[in-house]
Amino acid sequence: MKKWLVLVMTGALLSFPAAGAAADISFAGYQWQVKDGYDYPGKNHWSSRQAWVDEAGDLHLRLEKRGLWYCAEVISREYFSFGRFSFQVIGELDKLDPQVVLGLFLYHPASLEEVDVEVARWGKAHNPNGLFGLYRQERHEAQPFLVALPEGNYSTYQIEWLPEQLRFWGQYGHRSDAEAVFARWSYPQQPVSGEKIFAGRYLQVRMNLWLYGGRQPQSGKDVEVVIHDFQYRPWP
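Please read these numbers as outputs of a predicted model, since none were measured by experiment.

Asks: Describe in detail the overall build of the protein chain, supporting the description with residues and values.
Replies: A count of helices and strands for the protein chain gives zero helices and 17 strands. A compact globule built from 236 residues would reach a C-alpha radius of gyration of about 18 Å, and the protein chain, at 17 Å, matches this within 12%. On the principal axes, the C-alpha backbone points of the protein chain span a range of 55 × 40 × 35 Å. Put simply, the protein chain has 236 residues, and 53% of those count as buried. If you take every contact in the protein chain between residues at least 6 apart in sequence, the share linking residues at least 24 apart comes to 65%. Here the protein chain contributes 24 positively and 27 negatively charged side chains, and the mean placements of these two sets differ by 4 Å.

Below, the structure written as structure tokens:
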């Protein structure tokens, strides 16, 4: 498997929007808004300069110190219903700084409900570095997991949102199947007939790279992660 180190700039020619301008980018066949300003999560500064698509069509999310530390988030313009959501990532995620969080998730901006894959240690180096989660108004559920990439820095994270169950996978390499799994979780473990998850909801897809608690990386270094592809397959 080809090894890349993507925690540094690649040197590609980039075109950044002017400061303060509303920014949209096209990636994987969808339109995405790029977050600007001072906002949650983590009480961070966000800039449209921190997310861009390169000539190969890959999405870059960059956490960078420019006087202040600036984080990256992209938000789908489209809302989605039941189906499988797949994120193909390039990056040494098992070596992310303990203060850094990579989020790949579904989100409802009004209810604040979400379905998460997060790669993070939440400020403590000894913590597990992965989390599958479901956050609803009445219930929060989460399952830690370990991200270890001994053969390279390609990995895939999938969320399958079904009417009565959520299924999560972490996989080695870039995949669109259910093989080479290193982490797996289903909620609930046994679906309850008639108990719907987010019934009637349509959710955004969001991807972000940010600092836990707004505190700088313990290493003091900039961080970059690449999203090679995003795929959505409607259910059924």
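So much for the structure itself; the text now carries on.
Asks: Before we move on, can you summarise the pattern of salt bridges with the specific residues and values?
Replies: Between side chains of opposite charge, a pair can form as their charged atoms come close. Summed over all chains, the structure comprises 13 salt bridges. As a salt-bridge pair, Arg66 and Glu64 come within 3.5 Å of each other at their nearest N and O atoms. The partner of Arg175 in a salt bridge is Asp177, and the shortest N-O contact between them spans 2.8 Å. Under the relative-accessibility criterion, Asp177 is labelled partly exposed at 29%.

Asks: So what's going on with the layout of surface pockets? Which residues, and what values?
Replies: Where empty space is left can be seen by rolling a probe of water-molecule size over the atoms. By volume, the largest pocket is sized at about 380 Å³. Along the wall of the largest pocket there are 18 residues; nearest its centre are Tyr40, Pro41, Phe105, Tyr107 and Glu114. Elements supplying a minimum of two residues to the lining of the largest pocket: strand 9 (100-107), strand 10 (114-119), strand 11 (130-135) and strand 16 (204-211).

Asks: Please set out the pairing of strand 16 residue by residue, giving values where relevant.
Replies: Within strand 16, eight of the eight residues are buried, leaving the element largely enclosed by the surrounding structure. Because side chains alternate across strand 16, one face comprises the buried residues Gln204, Arg206, Asn208 and Trp210, and the other comprises Val205, Met207, Leu209 and Leu211, equally buried. Pairing of strand 9 with strand 16 involves eight bridges; the strand directions are antiparallel. Bridge pairing in strand 16 links Tyr107 to Gln204.

Rules of the game
- For every chain, the first residue of the written sequence is number 1, and numbering continues from 1 along that sequence.
- A pLDDT threshold of at least 70 governs which residues receive local features in this predicted model, and a stricter bar of 80 or more applies before side-chain atom pairs are shown or counted, although totals over entire chains, interfaces and linings include all residues.
- The side-chain values count all of the structure's non-hydrogen atoms but skip hydrogen atoms and water molecules.
- Numbering of helices and strands runs from the N terminus, with a helix taken as a DSSP run of H or I at least four residues long and a strand as a DSSP run of E at least two residues long.
- All radius of gyration figures rest on C-alpha atoms, and the globule criterion is 2.2 Å times the number of residues raised to 0.38.
- Working definition: with a 1.4 Å probe on protein chains only, accessible area under 20% of the residue-type maximum means buried, over 50% means exposed, and in between means partly exposed.
- Any pair of residues with heavy atoms lying within 4.5 Å of one another is described as a contacting pair.
- When charges are counted, Lys and Arg are positive and Asp and Glu negative, with His and the chain ends excluded.
- In plain terms, the charge of a residue is placed at NZ if it is Lys, CZ if Arg, CG if Asp and CD if Glu.
- Counted as salt bridges are all cases of a side-chain nitrogen of Lys or Arg within 4 Å of a carboxyl oxygen of Asp or Glu.
- Only protein atoms enter the 1 Å grid used here, on which a cavity is any set of points holding a 1.4 Å probe that cannot leave and a pocket is any open set flanked by protein within 12 Å on both sides along at least five of seven lines; residues with an atom within 4 Å of a point are listed as lining.
- Grid points are joined across faces, edges and corners, and a volume is the space filled by probe spheres set on the points.
- Strands qualify as paired when DSSP identifies two bridges or more between them.

Taken by themselves, the reported measurements are silent on function.
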